[in-house]
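Notes for the structure review
Here is what each chain is made of, one letter per residue.
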Amino acid sequence: MLFRSIAPNYYYASMDGVTGTGYSMDLGAYFTANNFEASLSAINIVPTKINYSDDTEEKLPSFYRAGVKYGLWDEYHFLGQIESRFGKTYLSYGVKYTPQIIFKAISVSAGLNEYESVSKKFVRPTLGVSLKLPMIQFHLAYKPNDYDKDNKSYFFSTNINF
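If you're wondering where the values come from, they're calculated on a predicted model, not measured in any experiment.

The rules behind these values
Residues numbered from 1 in each chain as written. Predicted model: local features only at pLDDT ≥ 70, side-chain atom pairs only at ≥ 80, totals over all residues. Heavy atoms only, no water. Helix = DSSP H or I, 4+ residues; strand = E, 2+ residues; numbered from the N terminus. Buried < 20%, exposed > 50% of the residue type's maximum accessible area, 1.4 Å probe, protein only. Contact = heavy atoms within 4.5 Å. Areas by Shrake-Rupley, 256 points an atom, 1.4 Å probe, with all protein chains shown as cover. Lys, Arg positive; Asp, Glu negative; His and termini not counted. Charge placed at Lys NZ, Arg CZ, Asp CG, Glu CD. pLDDT = per-residue confidence, 0-100. Pairing = 2+ DSSP bridges. Polar contact = N/O pair within 3.5 Å; in protein donor to acceptor, adjacent residues only side chain to side chain. Phe/Tyr/Trp six-rings, centres within 6.5 Å; stacked < 30°, edge-to-face > 60°. Salt bridge = Lys/Arg side-chain N within 4 Å of Asp/Glu carboxyl O.

So, the overall build of the protein chain
When helices and strands are tallied, the protein chain shows 0 helices and 12 strands. Along the first, second and third principal axes, the C-alpha set of the protein chain runs to 55 × 35 × 30 Å. Counting across all 162 residues of the protein chain, residues that qualify as buried make up 21%. In the protein chain, once contacts between residues fewer than 6 apart in sequence are set aside, the share between residues at least 24 apart is 25%. If you sum the accessible surface of the protein chain, you get close to 11,700 Å²; carbon and sulfur atoms cover 62% of it. Measuring between centres, the 16 positive side-chain charges of the protein chain sit 6 Å from its 15 negative side-chain charges.

The structure is reproduced here in structure tokens:
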């Protein structure tokens, strides 16, 4: 089955008393068949910038992602992603575990994410947890910050199913 989507985005950033806001739009396609899933996405497809309260701005680049997910049994899913940004390619991979015996609504995931800093590629760990209820899902993810070793990034999202 094939799904397509357009997603508007609102950005808010705050650091050292300076705040910024901006808008963007993403396009995506998602394919699923049996235990296999694949996705393609184009991020920030419209000219996008964040305007800051100190009269500076930051342009957000467009980039592209392709991902796959393969389910092995009902409990384990293996994940892979390739991202193209600034003419360079980055890989991410991981595993997602959903216990089938206790409470099938909870999933935990762990993986490795490739990134670049000062023209050198590194690999960092990522962690996540999800709660999947009949009409709503909650997801929390963690990764070390790209620019500050002492700072951490957390991501929270929710899905509402109609």
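Quick look at unusual backbone geometry
Most peptide bonds take the trans form, and the phi angle of most residues other than glycine is negative. Positive phi values are uncommon outside glycine, yet asparagine 34 reaches one of about 50°. For asparagine 34, a relative accessible area of 81% puts it in the exposed group. One non-glycine residue, asparagine 44, lies in the positive phi region at around 55°. Summarising the element assignment, asparagine 44 is placed in the loop between β3 (36-43) and β4 (48-52).

Here's the deal with the confidence of the model for the protein chain
Averaged over the protein chain, the pLDDT score is 87; the fraction of residues at 70 or greater is 95%. Across the protein chain, β3 holds the top mean pLDDT of 94, while strand β1 (residues 2-15) sits lowest at 84.

What about the pairing of strand β5 (residues 57-60)?
The pairing of β4 with β5 spans 4 bridges and is antiparallel. Bridging across to β5, lysine 49 finds its partner in lysine 59. The hairpin turn running from β4 into β5, its antiparallel successor, is 4 residues long, and aspartate 55 in that turn takes a positive phi close to 65°.

Some thoughts on the side chain of arginine 124
With respect to the helices and strands, the residue arginine 124 is situated in strand β10 (residues 120-132). Polar contacts involving the side chain of arginine 124 include one to the side chain of asparagine 113, which spans 2.5 Å.

What to know about the packing of aromatic side chains
Here a ring pair, both rings aromatic, is described through the centre-centre distance and the interplanar angle of the planes. Overall, the coordinates contain 6 aromatic pairs when judged by the stated rule. Considering the side-chain rings of tyrosine 10 and tyrosine 23, the 5.4 Å spacing of their centres and the 55° angle between planes classify their relative orientation as tilted. Taken as a pair, tyrosine 10 in strand β1 and tyrosine 23 in strand β2 (residues 18-33) lie far apart in primary sequence, 13 residues in all. Ring geometry for tryptophan 73 versus tyrosine 76: centroids 6.2 Å apart, planes at 75°, classification edge-to-face. A network of ring pairs unites the aromatic residues Trp73, Tyr76 and Tyr97 as a single cluster.

A few points about the pattern of salt bridges
Overall, the coordinates contain 5 salt bridges when judged by the stated rule. One salt bridge in this structure joins glutamate 37 and lysine 69, with 3.8 Å as the shortest N-O distance. In this pair, glutamate 37 is assigned in strand β3 and lysine 69 in strand β6 (residues 63-72), connecting sequence segments 32 residues apart. Here lysine 69 falls in the buried class, since its relative accessible area comes to 19%. In this structure, glutamate 83 engages arginine 85 in a salt bridge whose closest nitrogen and oxygen atoms are separated by 2.6 Å. A single network of salt bridges, built from pairs that share partners, joins Arg65, Glu83 and Arg85.

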